[in-house]
Every structure is written in structure tokens, then in C-alpha cells.
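# Structural description and commentary
The residues making up each chain are set out below.
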Protein chains: 2
Amino acid sequence: MAKSEKRYALGIDYGTESARALLVDVSSGREVATAVYAYSNGVITDRLPGTKTRLPAHDWALQDPEDYLRALDATVPAVLRKAKVRGDQVIGIGTDFTACTMMPVKRDGTPLATLKEFRANPHAWIKLWKHHAAQPEADRVNETARRLGEPWPQRYGGRISSEWFFPKALQILDEAPQVYAAADRLIEGADWIIWQLAGRETRNLCTAGYKAIWSKREGFPRRAFFEALHPGFADVVDAKMSREVLPLGARAGGLTEAMARRLGLAPGTAVAAGNVDAHVAVPACTVTGPGKMVMIMGTSICHMVCGTAEKNVPGQCGVVEDGILPGLYGFEAGQSAVGDIFAWFVRTCVPAEYAAEARKRKVTIHDLLARKAAAYKPGQTGLLALDWWNGNRSVLVDADLTGMMLGMHLGTRPEEMYRALIEATAFGTYKIIRTFEQHGVAVDEIYCCGGLPERNDLLMQIYSDVTGREFKIARSAQTCALGSAMHGAVAAGSAAGGYDTIQEAARKMAGVRAKAYKPNAEAHAVYDRIFAEYDALHDYFGRGANDVMKRLKALKGVA
Amino acid sequence: MAKSEKRYALGIDYGTESARALLVDVSSGREVATAVYAYSNGVITDRLPGTKTRLPAHDWALQDPEDYLRALDATVPAVLRKAKVRGDQVIGIGTDFTACTMMPVKRDGTPLATLKEFRANPHAWIKLWKHHAAQPEADRVNETARRLGEPWPQRYGGRISSEWFFPKALQILDEAPQVYAAADRLIEGADWIIWQLAGRETRNLCTAGYKAIWSKREGFPRRAFFEALHPGFADVVDAKMSREVLPLGARAGGLTEAMARRLGLAPGTAVAAGNVDAHVAVPACTVTGPGKMVMIMGTSICHMVCGTAEKNVPGQCGVVEDGILPGLYGFEAGQSAVGDIFAWFVRTCVPAEYAAEARKRKVTIHDLLARKAAAYKPGQTGLLALDWWNGNRSVLVDADLTGMMLGMHLGTRPEEMYRALIEATAFGTYKIIRTFEQHGVAVDEIYCCGGLPERNDLLMQIYSDVTGREFKIARSAQTCALGSAMHGAVAAGSAAGGYDTIQEAARKMAGVRAKAYKPNAEAHAVYDRIFAEYDALHDYFGRGANDVMKRLKALKGVA
């Protein structure tokens, strides 16, 4: 390859419904080609593909490992072709994944789901991040940790989610001991895909830290804890996992001959260690230091900020040393439904005349509602909602909380409720920011990326007004894939035309837009008064003063 | 008229949007003909008809007195014609009216609104019952009564509504002193229409007692109280009203020659004293004794029950001796929005696909929602609402409260919310019944009438299950008009072929249906648990623990 030729990095972003490959010019960050593959088996919630097995309960969510390989086949050659880039111009590959998305595999990486004898067993398949059927196991993890006085829950806001690694693994052992026994490894999708690319089992620090209760100083929870959960679970780490954990941007290995041939890339191309989708977005938003919060705003919101010391913030999803940026403590918090709430509203609560008007004006119903809602000033709807349509992830860490809205009268219009829902999610973010600050984690700047900033001007302004902060927007519309490509460039290193640190990669490859959202002081003053109301109801319904939401949820089972 | 010929009574029911005439066979209660007139100027909320005057605020609601006369012209000759009944076969006329619906008139009954010099002044027009712009005056009435230690507020649940007579009269004095000065009389529509029919100014006990703070034992509030409100208001009773009050079913006079000619009736036909629409329905449901609650269930619900002693029940709309049935204390309570909430929901919150499905199945959207909602068991939606979309009339007497719903999640469907709203209104009724009982007013049986029992099976069953009571339904679908006709028959008296008491009229002319709604014990047990949650939130949001609804409403003005 001629020295003057452009070098590229490939970022592959494994999402919930699809995977995206993005080819990026390493020198400038210019995105030269992208391709998307929608998983042929999507999110499996009802029946296992190609079988007659129905999933046991509605909170199951599985995936098919073959979809991850089909995604590579469908997208990697496509971006090379589109960009007219030769495979050997690609110097590094980075990936990012939903997490915790985990599966049982054989010693050679073969997923149990692909083996005939296990194919009809739901527990052999991939448990997607939003598989919520391990709640009883999560409850046991939390109770046991409390009972034994384990030190690590405080790193995770006091409570482990049913979405995480050990509850899911324990559910396999509880409900399908034969699958558990047959699994040589239990592995994150994020690490499994690296195994497929580089031919080598690795474990990445990010999922280990945020989803599998690992920390640089303390490692995994102790054997006695796992044993207390289930005698057969005592050796889960040593028998089914690995204690070797690769830091972010590390080179996991070189692309295998077979995979290089399959994808049209050069063998030995640097493959970066696995990553969590949200976390790679941080440097892709230009953020490489402490005090700068990155928000990925889509169906849900993930809030990430780095600090220089470990702090235990109530309801944080986790603090992991080196977890987001090397040398810093990475804090994560989240709102479990944001865009999902607006989608629910559009699907469930918008009258036919609005659908007709949107059609006539050739806009989406979201856009129509946003336009109408923009005519209201802060406080003018008289409505207030709690954004708990999918529980509360931070700061209450309580999946059993539900949505609430008040202030409706006979003249209340759909756009007012839509606006109230946007405001509620903004209050949720504000609560998270304030909680970080109250516990010693600075949030001096805010950077955003994801689908919502791309298309919802009103929402962004409301977030800015509610929080009283400027919201900067990442230049890229595909920050996760870009962040992955950046990690690919770091895995390649400067010798190969890449970068030696993520900071350097961020300086060259990332950027923010000229347009930022700035808070209006008057609006913020009104919102501060409404936030006080939100806060009071947040505590009333969320901290035990009135557990009506939980009692109603429990009654659903009785009825 | 031959002795063997049938005798008829005419009931005229003046509603909010229209008036209905009903011709009833006095001997059997058979309804032989009906006709409806929709007011040509309807409810005036925006611009005064035939003028350029816009109404000052959104909580105004006026009416045109000429619509009441046009209603007579359009319906009375029509029912005679339809039934092939001669005018002289009609022995009595009863009417009922919305209340307090009041207007300023000249000494001869001419409404100021019909006079050129006042036509453009909104205060010259009829203030409809749901005109809510006199809230500041209502507040002054309540504060002043508290300050002066007046004895009567306890008869009205502790608080006077902005809908009632004196707040509306005081608003005229405050905002249009020239209209107040020019008004020789301030009069209820209920009494004005009698004046038009019988040529004589009368005042009926029902509106006087329930809307104008009159009682048989104490009369009107004292002069000093009115003076404290406004010096110019000191003489309001003696200068603008009358202290002579006619009991229910009394003969106000005979039909005038002119009106008899105009309507095709016989001059001198007995005209009963005015009535409130809700109250005439009580005997039309067969109820003529204590302990039997009558609920008129439509856009709102009016609860009426008679007792043998005066009790002060928190949040009752009023207790009036002889106010519903002679010789008994008539208690009234109410829910300010019921059917209105469902209509709001159908208008505002039901997606296009439901509208399409309803069209396809040739049912209304209400029916479609009810069918889908019927598939849920009590407690199964996990939702709970407070039915305060139009404030709370009983037991909190607070127009500034607003609606609330909680329990929503990403899978919540429109029919679940619809069901939760029905349940919320049933809880509101249950709260009213329990409050009556807790304060010594027995509620042994429940009788219903109005639009909702006619068409909403699910709703009726839910009310029965929530309250644990049987709900009997009036035979007539037009109980108000029937009740008016019954009062017309009583005004005529037995000598003229009518009846001497309303009890006798009820025995002959009223009835209930064979089908009643009976409570399911299991459902009631679940609903009792949910009602406990409703009750806790009712008190939390309604009794000052968290006045968020009021603060948000106040903020709307600031915004």
C-alpha cells in the first residue's frame, strides 16, 4: 500500500434490531460509507426461529448469534464497495455491542443455539440486554449481597439489574441446568464477535466492569458469594468465564485468514477489544476528559461522565475505573425509556384527525406533535408526568415503578401531553445530573448524540431549558459506529497509520456541530419550579412514601 | 273533554345544548311523543351572537333566552301533532332546567340580553350553569362567610361553587355595574320560563335552596353578609329577587292566553313551579322515600338521596329541606365530569387504527373501547386514575384539582386507560356514597338514569362491582322530562285528572327495568383494594398534603 494512500478504520455497531458498518477516513474522521443489516431474526420474544418452541413469558428477549455473522457478511464488503476502498486500506476494526447481551458457547466459541440438541431450548440462545426474565435471580443477587455485606453493590447504585450478567447466567443454571452444564463459556456478544474476528477469546473491561461486577482493584465478586447464590454457581467465573480483561482500545488480535477472506479485508488487520455501544460514543463526541457528560439519546438515554475519583452515586448504573476512558473513573446512569415513551404515545394516544393532518402535511406524527407542542410555553400545559413507563433506572433503580401524569382537564390536547412527556424525560435527566453533582461528580458540560438530537429540535431545547445547560451535539449521526472505528484506529496504532491514544483519535476523527442548544433563563426559572414538583412526586412514589405503583403491579398477577 | 278520554301531562326538560318536550299518559306513564330542539345559539363561549363582542375568558359560558322560547315553539306543537293529542287533553305542564342558569331581566321579565342597549354586553346574557368565570366572586363569598362565621356553608359541604347564584350575581355587579343597576330582577332560567308560561314571576324552592343559599328555616343569608361582599350588593335579595318560594310540584299558575294560542294548548292549563333537571328525575326513578340514592349519569353525575334529618356531610353540594321530596331533607352530591372524561378520551387519546376498526365493525369508538376493555379483569390493567378532569365537586369541592393517571407502561393500551377512567369515576361515586354513610345519611339502594346506563353495560357493571351495590335502572330513557311531566300532573291535581302527591304520581307513572346490575363479590374484593389506593391519592392530592395540581394550574397563568 502506497504511503500517500488514505487509511481507513472500520466501526461495526451491533444494535438491538440491526448492525451498522461505518468506514471512516482515519486522518479526518470523514465517514465515507455505511451499510446496515437488519437482523433476520430480530428480537425474539415469542417463538424460537425454526422451532415450535414458544418462549415462556412476555419479558423474554433473545437473539440469534448467526445474525451477528450475517451482519458482517452483509455490511463489510458493502462499505468497501460503496467507498471504492481496498481491504488493505483498512488498518483497524472496532466493534461495539448492546450489553449485557450474553450466550452460552462451547470451548471453541460455537454457540449452543447453533447445536441441534440445544436449538429448541430458549436458554441456549442469546439473552439480549432487554431480556427481563431474570428478575427473580437479580433479586437473589441483591438480597444475597446485602445479607453477606458484599462491598460492590455501592459501585452500582446499590442494586444489580436483571439485565446484567450474573442474573442471566444464574437463570440458565436455575431453569436449564443441562444448558449451563454444556456451556464451556458464558460470554458477552461483544466478546464473542471479537472471537469470531480475531480467532481468540478475550474479555473486555467495559462489559466486565459495568455488567459483570468486575473491577480493576477487586476483580469479580468472591467465590463464597456465588456459592451462596447456588452451590452449582460457585465456580462460575473460573469455569465459565476468564479473569483476563482487556482495556478499551486494546488490540485483541489480528483478523483471521478465514474472516479476512470472507469479508474482503487483509489478514492480521488490527481488531480492537470489545466495547459497549454507549461507551464508544464518548470519544466520538470529542469527550476525552472528566466533567463532560455524554448523553446517548434514543429509545432510552444513557448518561456517561468521567471523574478523577471513585464516588458512590445513588442509582448510578455503575462506576468503573478505566471503564469509559483510560485513567479515569467512568460513571454511567440511565433512563430506561425516553424515545420509547414518545413512540408509545404516538402509537397509543394520538387521534385519527392528527394522523390525517400529518399525512396531509407530509410530516411524521412526531413532527406534527412537536410543532403543535412548540406553541406552548414552559408551564403552560399545567401537566406533569413521571417518566417511568419502563421503570426507573437512575436514580431509583426500580423496574417496578410505572408512568404517571397529572394536570389533565377536559381541554387537554394530545400535543400538551406529548410535551409533558418530553419534559418528564428532561426532568429525569436533570435529576440524574443533580444527583451526580450532589455526590461529587462534576458535570460541567453536556454532549449529545443518538437519534433524538437528530430529529427533535423541541426536545433538545426543552432539555436545555430544564437543565439550564448548553447541549452540544456530536457532528456524526452515527457516533457509536464512529467511536468503534476510532477504537479500531487506536488498536492499529500510529505505526500502522492509526493513533496511539483515544485522545489523539478524538482530536482528529471526532467533532461537534456549530449549532448547540442554549438554555433560556426565563424558561429555566419556570422549569425549576416544575422540577421541584417532579422531585417531590419522584420521592413520594419512588422512595416508599406511597408504593401504589408496586401494589398495583402486584395486583395484576392476582386479577 | 269527554271523561273517558286520555289525560296527558307535558314535561319540558331544558338541557345544556337542547330542550326536550315529552308527552306522557298521566294514567300509565306511557311516553307517547317526544321532540327535541337544539338551541340555535347553543352554549356561547366565544362571541355573542349577532355582535362583534368576544367573551373575555375561556371559562365563560352563556346562553340566549330566546332559545328557550324557540324550544317551546319547536317542540310542544310537534309532540301534540305526533301523538294526535288535542291541546285540551294536556292537564299540566312541568319543566326542569339546568341550574344555576341565571339572567338579569326587567320588571316585566324582558331579558336585558334582548334589549338593544345591552345586547353587546356579555353580562346581560344568561350565565349558564357551567359559566366558571365567577370564581373570584365565589372565593370572596366563601372567605367572607368564613370571616363572619355565617352558619350556612356547612349545609353546602363547606364551600359555595362559582356556578351558583350569588357568585354569578356578584360578578355582574363587579364587572358590569350598569347591567346590575338596569336589572330589576336576577332570575333563574327555571323561574323565567315559568314566568313566560304562566305570566307570573315565581321562585322555586329547588334552585333557591341548592343554588341561592336559601332554606325553609333560615331564608337567605343576612343583609350584613351581602353588604360585606360589596356595599352595592347589600339589598340583592329584596331589590333583585323575591322571598316568596314555591315548593316542588306547586301550581305556579295557569297557562296564559297568549302562550296557549302560541303552543296549541288550553289557556289556564296548570303550570308547575320550576325545577332543577336532576331533582325531577328522583320520582321518575320511582324513588319517593329516604335512603334511596338516585344517580343521573351522563356528562357528569348528580347523586341525590333523601334523609329524615339534616346532616352536614363534607363536600355535599347541598342539603335542602323539601328540596327533592316534600317532607324530607334532600342531599345532593356530584361528580363534575364523568361522560365528559370518556368523551375527552375518545376525542383526544384514541389512535387512528381504533377509529378505523370501529368504522369497520360499525360501532362507535366508545363501544369498541368498552368491548376491548371488558376483556380485562379488575386490577388487571395496573392503572389507577383520579377522576378530576373537571375538578372535584364532591367530596372535596375543589374546581382547581385536575386529572391524574398512573401505572402506564410501554405496553399500556387505549382500552386499559379507558377502563381505568371508568373505574376512576366509579371510585368517585363510591367515595361519595361512603361519605354520606359515614355522616349518617343512609344509602340503602341505588337507582340510575341518564345517558350512561342506556348505553354502557361495562360501565354499569364496574360501578356495581366497585361499590358492591345493585344498580337499578329507570324504565324511562328520559327521566328528567318524565319527572317534569309528573310534576305537571301534580300541579294539575286529582280533580283535573292528575295526582295530589308526587308519591301517587310516581306509583302510576314511573318504573324501573327488569334488568339490574348486581355486584360480583370477587371483583368487589379486588376493587376494594384498589379503592384504598384511590382514597389515599384522593387525600394526598386533594387535602393539602401535595397541592401540586393547584400550583401547576397557577403556573399556567405565569407562563
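Let me begin by describing the structure that accompanies this report. Within any chain, residue numbers begin from 1 and follow the written order of that chain's sequence. Going through the entries in the order they are written, you letter the chains from A and number the ligands from 1. Under the rules for a predicted model, residues below a pLDDT of 70 receive no local features and side-chain atom pairs below 80 are neither given nor counted, while totals for whole chains, interfaces and linings still include all residues. As a rule here, side-chain values come from all non-hydrogen atoms in the structure, and water together with hydrogens is ignored.

### Focus on the packing of aromatic side chains
The criterion for an aromatic pair is that two Phe, Tyr or Trp rings (for Trp, the six-membered ring) have centres within 6.5 Å, with stacked assigned to planes under 30 degrees apart, edge-to-face to planes over 60 apart and tilted to the rest. Throughout the structure, instances matching the rule amount to 51 aromatic pairs over all chains. Between Phe427(B) and Phe531(B) the ring centres are 6.0 Å apart and the planes differ by 50 degrees, which places this aromatic pair in the tilted class. Of this pair, Phe427(B) sits in helix α14 (residues 414-438) while Phe531(B) sits in helix α19 (residues 521-542), and the two are 104 residues apart along the sequence. Across the pair, Phe531(B) and Phe427(B) agree in class, each one buried. Joined through ring pairs, the aromatic side chains of Trp152(A), Phe165(A), Phe166(A), Tyr180(A), Phe220(A), Phe225(A), Phe226(A) and Phe233(A) make up one cluster. Over the aromatic face of Tyr180(B) sits the side chain of Lys240(B), whose NZ or CZ is 4.6 Å from the ring centroid. Secondary structure counts use DSSP, requiring at least four H or I residues in a row for a helix and at least two E residues in a row for a strand, with both numbered from the N terminus. Any residue under 20% of the maximum accessible area for its type is buried, any over 50% is exposed, and the rest in between are partly exposed; the area is computed with a 1.4 Å probe on protein chains only. To sit over a ring, a charge needs its Lys NZ or Arg CZ within 6 Å of the ring centre and within 35 degrees of the ring normal.

### Focus on the relation of the copies chain B and chain A
To superpose the copies, least squares is applied to the C-alpha atoms of every residue with a pLDDT of at least 70 in both. Overlaying chain B on chain A yields an RMSD of 0.1 Å, the required transformation being a rotation through 179 degrees with an accompanying axial translation of 0.1 Å. On the angle and the small slide along the axis, the relation comes out as a two-fold axis. Looking at the interface residues of chain B, 100% of them are also at the interface in chain A, so both copies use one shared face. Any two residues whose heavy atoms approach within 4.5 Å are treated as being in contact.

### Side note on the interface of chain B and chain A
Opposite the 53 residues of chain B that make contact, chain A presents 53 residues. Buried area: the accessible surface (1.4 Å probe) lost by two parts on joining, summed over both. Here chain B packs against chain A, burying approximately 4,200 Å² in sum over the two surfaces, 66% of which is carbon and sulfur. We define a salt bridge as a contact between a side-chain nitrogen of Lys or Arg and a carboxyl oxygen of Asp or Glu at a distance within 4 Å. For the interface between chain B and chain A, the tally reads 2 salt bridges. Arg551(A) is paired through a salt bridge with Glu533(B); the nearest N and O atoms lie 2.5 Å apart. We define a polar contact as two N or O atoms separated by no more than 3.5 Å, with the added condition that, inside protein, one atom must be a possible hydrogen donor and the other a possible acceptor, whereas residues neighbouring each other in sequence contribute only through side-chain atom pairs. The tally of links between chain B and chain A comes to 19 residue pairs in polar contact (both at pLDDT 80 or more). Only when DSSP finds a minimum of two bridges between them are two strands counted as paired. Here strand β16 (residues 403-408) of chain A pairs with strand β16 (residues 403-408) of chain B via 5 bridges, running antiparallel. Paired with Gly403(A) across the bridge in β16(B) is Met408(B).

### Observations regarding the pattern of salt bridges
Scanning the model with the defined rule gives 74 salt bridges over all chains in all. Between Glu470(A) and Lys472(A) there is a salt bridge; the shortest N-O distance is 3.8 Å. Judged by relative accessible area, which is 28%, Glu470(A) ranks as partly exposed. Note on Lys472(A): relative accessible area 19%, which makes it buried. With a shortest N-O distance of 3.5 Å, Glu163(B) and Arg393(B) are connected by a salt bridge. With Glu163(B) in the loop between α2 (135-148) and α3 (165-175) and Arg393(B) in the loop between β15 (384-386) and β16, this residue pair connects regions lying 230 residues apart in the sequence. Note on Arg393(B): relative accessible area 23%, which makes it partly exposed. When salt bridges with common partners are traced through the structure, they connect Lys216(A), Arg217(A), Glu321(A) and Asp322(A) into a single cluster.

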